[in-house]
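Each chain, letter by letter, is given below.
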Amino acid sequence: MNVIKYKLLPQYILHDDGTEKYMLFDTNTGDIYKLNAVSYNILSFCSGEYTSDEIKNEILKMFDVPLDILSKDFNDIITKFLNENIIS
Amino acid sequence: MDSYTDNKKNEFYIQWHFIDSCNLRCIHCYQNDYLFKEPDLNKLSLIFHKLDDALAKWKMGGFVSLTGGEPFLSPSSLFYVAELIENSPNFQNVAILSNGTLIDENIIKEIKRFKKITEIQISIDGPDAQIHESIRGKGTFLKTVETVRKLVSAGLKTSIMFTVHKKNMDYAEDMLYLAKELKVNSLTIERMTTMNEKEKNEFFINPYDLERVYKNLYEKSKVVFAESVTKLITSRPLWNLVDESAGGFCPVGLSSVCILHDGTVLPCRRLYLPLGNIIEEGLFKIWYGSKILWDIRNKKNPPDNSGVHPQSACSDINCSHFKRCGGCKAVSYYYHGNIHEKDPQCWLN
Ligand code: SF4
Ligand code: SF4
């Protein structure tokens, strides 16, 4: 059971423009990150309310992907965002 | 560079109303408060640095129109801002938009010190004292015209800005002759944005009258301005209906922004939808976080069944002019209560 809860730092804004272009904006520096759909959805759940397992369950409902692959991708994505100080 | 600020010329346009006060009381003005208040230089500096940071990040050249109120009511503040801009590699050009009643030889000398002040735009609302002063107040016409002559003879690029509405539309053509006589570089015709029922009744030009006015102006300008230095500026929405190579898509939300003296950010001065405060929030937070701006940028949502356009009505009807026009969002907003509705002055059926 993984109970860690992640939170997007307040200077970041997530945006989905409705055309499958997913963006993350850093409002302090003006940096722009292009995201894929999985990363975007993971970050959308990084509100401090959901545990890692809950986020993974939500992502599994949205994408047709086996749990082991998602778990690996999830860990990679979360590590990257933690390293870049995008989530805490 | 991201897709929400990119434009072919890589220019970002800022209309900066750095002063709130004005010495005139024009009948069609957007200002509410006329009490003289000296601008707060500290605030102006903060605003400048936020803009400068954003331009540097976006690698875009800033084009600023400094205006008010009346910018020459506080020359020290105006030149303070101009100095900041002059010394920044991120700003390219400055235009100053003025009512032309407070510019003397000393001011002109000072303007000429700045390489980046490349244009002075003077508002003239009629071709003679009677029409102009019925809108801008007694004693303003000759003063303004005199200023234009001085600016032109000082070798400064000078433009006349004519805000057309129901009360002066019949004199629009005569503005061509005035502009030619004054040897200005250009004459820009702006439509007045009527912001409430009272203004609509008094000033709103219906589409068919506007068609007549625009077409006349365009055709006559070819004759009047032939072999003259003066050009008619036709880069705003709806001119494309007169000539397909004219007109221009509204830059709001894509490559322009309006800043008021206190740092309030608007999509455009004619679209009074405050987006935030640049001093408190910076431009990035507003530019990337404002729901209003995303709504303005949105051209792709499918129409719903309610009859309300969630995207541009112009693209819903597949208007062939859409890429060059899209209508004026401010005029649509105040007329229909929805920026996405068709420009109510568009005469296309
Ligand atoms: S329908 Fe819209 S895009 Fe077409 S000309 Fe009219 S305002 Fe412009
Ligand atoms: S809203 Fe109208 S006035 Fe403002 S930038 Fe767009 S076209 Fe121009």
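Residues numbered from 1 in each chain as written. Chains lettered and ligands numbered in written order. Predicted model: local features only at pLDDT ≥ 70, side-chain atom pairs only at ≥ 80, totals over all residues. Heavy atoms only, no water.

S.K.: An account of the pattern of salt bridges is needed here, citing residue identities and associated values.
M.R.: Residue and element names in this part refer to chain B. Per the counting criterion, the structure on display carries 23 salt bridges over all chains. For Lys37, the salt bridge goes to Asp20, with nearest N and O atoms at 3.5 Å. Note that Lys37 is positioned in the loop between strand E1 (11-17) and helix H1 (41-58) and Asp20 in the loop between E1 and H1, a separation of 17 residues in sequence. Exposure remark for Lys37: the relative accessible area of 38% places this residue in the partly exposed category. Here Lys220 makes a salt bridge to Glu173, at a shortest N to O gap of 2.8 Å. With Lys220 in helix H8 (residues 207-224) and Glu173 in helix H6 (residues 172-182), the pair connects residues that are 47 residues apart, well separated along the chain. On the basis of relative accessibility, which here comes to 23%, the residue Glu173 falls in the partly exposed class. Among the charged side chains, a salt-bridge network with shared partners connects Glu83, Glu110 and Arg113. (Salt bridge = Lys/Arg side-chain N within 4 Å of Asp/Glu carboxyl O. Helix = DSSP H or I, 4+ residues; strand = E, 2+ residues; numbered from the N terminus. Buried < 20%, exposed > 50% of the residue type's maximum accessible area, 1.4 Å probe, protein only.)

S.K.: Quick one: what's the story with empty space enclosed by the protein, residue by residue and with numbers?
M.R.: Residue and element names in this part refer to chain B. Here the structure, examined in full by the defined rule, presents three cavities of 30 Å³ or more. Its volume calculated, the largest cavity comes out at about 110 Å³. Around the largest cavity, the lining comprises 15 residues; the ones closest to its centre are Cys314, Cys319, Cys325, Cys346 and Leu348. Its residues assigned to classes, the lining of the largest cavity shows nine nonpolar, five polar and one charged. Space inside the second largest cavity adds up to approximately 80 Å³. Ser312, Phe322, Gly326, Lys329 and His340 are the residues nearest the centre of the second largest cavity, which is lined by 11 residues in total. (1 Å grid on protein atoms, 1.4 Å probe; cavity = no way out; pocket = protein on both sides within 12 Å on 5 of 7 lines; lining within 4 Å. Points joined across faces, edges and corners; volume = space filled by probe spheres on them. Nonpolar A, V, L, I, M, F, W, Y, C, P; charged D, E, K, R; others polar.)

S.K.: Which residues make up the interface of chain B and chain A, and what values do they have?
M.R.: Contact with chain B, which involves 10 residues of that partner, is made by 14 residues of chain A. Of the roughly 1,100 Å² buried where chain B meets chain A, counting both sides, 66% is carbon and sulfur surface. Summed over the shared surface of chain B and chain A, the number is one salt bridge. Two residues, A:Asp31 and B:Lys57, come together in a salt bridge whose shortest N-O distance is 2.3 Å. Viewed at the interface, chain A and chain B are joined by one residue pair in polar contact (both at pLDDT 80 or more). Element by element, the count of residues in the side of chain B that touches chain A is highest for helix H9 (residues 278-289) of chain B, at four residues. Residue classes in the side of chain B that touches chain A are distributed as four nonpolar, two polar and four charged. (Contact = heavy atoms within 4.5 Å. Buried area = accessible area lost by both parts, 1.4 Å probe. Polar contact = N/O pair within 3.5 Å; in protein donor to acceptor, adjacent residues only side chain to side chain.)

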